[in-house]
Structures are given as C-alpha cells and as structure tokens.
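# A structural walkthrough
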Amino acid sequence: AQSVTQPDIHITVSEGASLELRCNYSYGATPYLFWYVQSPGQGLQLLLKYFSGDTLVQGIKGFEAEFKRSQSSFNLRKPSVHWSDAAEYFCAVGGNNAGNNRKLIWGLGTSLAVNP
Amino acid sequence: GAGVSQTPSNKVTEKGKYVELRCDPISGHTALYWYRQSLGQGPEFLIYFQGTGAADDSGLPNDRFFAVRPEGSVSTLKIQRTERGDSAVYLCASSLGSSSYNEQFFGPGTRLTVL
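Residues numbered from 1 in each chain as written. Chains lettered and ligands numbered in written order. Predicted model: local features only at pLDDT ≥ 70, side-chain atom pairs only at ≥ 80, totals over all residues. Heavy atoms only, no water.

### A closer look at the overall build of chain A
For chain A, the helix and strand inventory stands at 0 helices and 12 strands. For chain A, the α and β elements follow one another from N to C terminus as β-β-β-β-β-β-β-β-β-β-β-β. Rg of the C-alpha trace for chain A: 14 Å, near the compact-globule value of 13 Å for 116 residues, within the 12% margin. Reported as C-alpha extents along the three principal axes, the dimensions of chain A are approximately 45 × 30 × 20 Å. The buried share of chain A, taken over its 116 residues, is 46%. Considering only intrachain contacts with a sequence separation of at least 6, the fraction spanning at least 24 residues in chain A is 55%. (Helix = DSSP H or I, 4+ residues; strand = E, 2+ residues; numbered from the N terminus. Rg over C-alpha atoms; globule rule 2.2 N^0.38 Å. Buried < 20%, exposed > 50% of the residue type's maximum accessible area, 1.4 Å probe, protein only. Contact = heavy atoms within 4.5 Å.)

Below is the structure:
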C-alpha cells in the first residue's frame, strides 16, 4: 500500500537552531517526493521535490531534503530556523510511471513552532 | 500572475443540503486536482482532471460527490445531501501538465461546515 509517515506530529525549536523533519514512505514504484509548507491562512506551497539524480535537493527558503532509498526516507532540513518558518509541513509522494495516476499521497503533517 | 482561486472561502450549510464549490485554476494549466483536508490531517486526493475529462476519480468517497470541468478551465465540486462528516477544507490545485513532476499550485481552500 502507498503511504507516507511523518512520525513527529509537533516540533518546537528555538530560533536559530537547526531543524530536521522526518518523512518515511511506502511506494511500489520509484517515487517522486515532495515537501510542502502550509502557513495559517495560506495555501500549500511547494518547498522542494525529488525526482531523480542527486539525492540532496535544495529548495526555497533555505530548506533542503535528502532522499535515502535504503531507508525509504526523505527528511527535510534547515540549518537555522527563522520565526517565520512556523507552519505545518507536509511530505507527499507521487508516481513517476507513464500511465500511473497523478495523485499525491500525503502524510499527516508536522506542526512546527519556533520559540524566539 | 493570478494564482488558483477558490470560492467561496467559507461555506456553512445544513445537513442534507446541496453545495457547490468553485475552483479557478491558473490560466493555461491543463491539470486540475481536488483534495479534502480534515482537521489535523494531510490532504486527501478526491479527483483529477486532465482537460475536461476526469482522469482519476478514485478518491471521491461516494456518489454524493461529483465534479465537473466542462470547458477545461473552471471546475466545480458538487456535494449532494451533505453530511456532518463532509465538513473539511476542500483544496483545489492546478498544474501545467499531468505528470507528477509538474508542480501542483494550490488555492487557499474552501472551508465547508455542515451543521
């Protein structure tokens, strides 16, 4: 079965501290992987995506993520968190096979709080 | 340019009523998606359009839910005989193409409350 697990429901970090949000997936084929951010009152915004090639991908707002096939993981990282990063973060997986459906399978999200 | 817009932003209705939720995708985007997000959950896929046709409607929970995209642009999600369990934020997204690597751009959502 296709699924995405985000083990941490809620994380609190201090401003300036490093951040790692975990994501594990189960997918029958080679996955496309995504991280989205949802701020209060805002729509979902794509932070970064992985399709192939370099397993370390860079995204917007200083975020990066590393695809580890052996661990079925795609963890999101940021070296120094800013107060404006407080939001809900979602990991999602999609198919890359021709003819495969295009829907994204989503995790439950991780809520990030940032202490000043 | 304009992003994905959804109307209304909030909809309160009574159990058993019929509702329509509208999505205006980004101009030129051929693919359109509907998701539902319940409180504390991630988005749940409902239906995906490529052009005017529903390419995948496997996420529609039952036959009370229906969506159309008659001219390949604006889409309407229709819910008949609403139930309290239908209360959620309904999200619309559009993308330039139908492949998974085409970024999906999301609208702000319509919050549906069924009393």
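### Observations concerning the nonpolar core
Counting 28 residues, the largest nonpolar core has Leu19(A), Trp35(A), Leu47(A), Leu48(A), Phe74(A), Leu76(A) and Tyr89(A) as the members making the most contacts within it. Where this core is concerned, the elements lending two or more residues are strand 2 (10-14), strand 3 (19-21), strand 5 (31-38), strand 6 (44-50), strand 8 (64-68), strand 9 (73-78), strand 10 (87-95) and strand 12 (110-115) of chain A. Looking at this core element by element, the count peaks at 4 residues for strand 10 of chain A. Residue contacts for Leu48(A): discarding those within four places in its chain leaves Leu33(A), Phe34(A), Trp35(A), Val57(A), Gln58(A), Gly59(A), Phe63(A), Glu64(A), Ala65(A), Phe74(A) and Leu76(A). Counting residues in hydrophobic clusters, the runner-up holds 20 residues, among them Phe49(B), Leu60(B), Ala67(B) and Tyr90(B). (Core = buried A, V, L, I, M, F, W, Y, C linked by side-chain atoms within 4.5 Å.)

### Let's talk about the sheet that holds strand 7 (residues 65-68) of chain B
Residues and elements named next belong to chain B. With antiparallel pairing, 4 strands are arranged side by side in an open sheet as 1-3-8-7. Of all strands in the sheet, those bounded by a partner on one side alone are strand 1 (5-7) and strand 7. Pairwise comparison of adjacent strand axes, ignoring direction, gives a mean angle of 15° for this sheet. Looking at chain direction, strand 1 and strand 3 (residues 19-24) are connected through 3 bridges and run antiparallel. Residue pairing in the sheet places Ser 5 in a bridge with Asp 24 of strand 3. (Pairing = 2+ DSSP bridges. Axes fitted to C-alpha atoms, helices over the stretch in contact; angles between N-to-C directions.)

### Some words on unusual backbone geometry
Here Thr7(B) and Pro8(B) are connected by a cis peptide whose omega angle stands at -10°. In this structure, Lys61(A) is a non-glycine residue whose phi angle is positive, near 60°. Secondary-structure assignment places Lys61(A) in the loop between strand 7 (56-58) and strand 8. For Arg81(B), which is not glycine, the phi dihedral falls at a positive 45°. Here Arg81(B) lies in the loop between strand 8 (75-79) and strand 9 (88-95). A relative accessible area of 46% places Arg81(B) in the partly exposed class.

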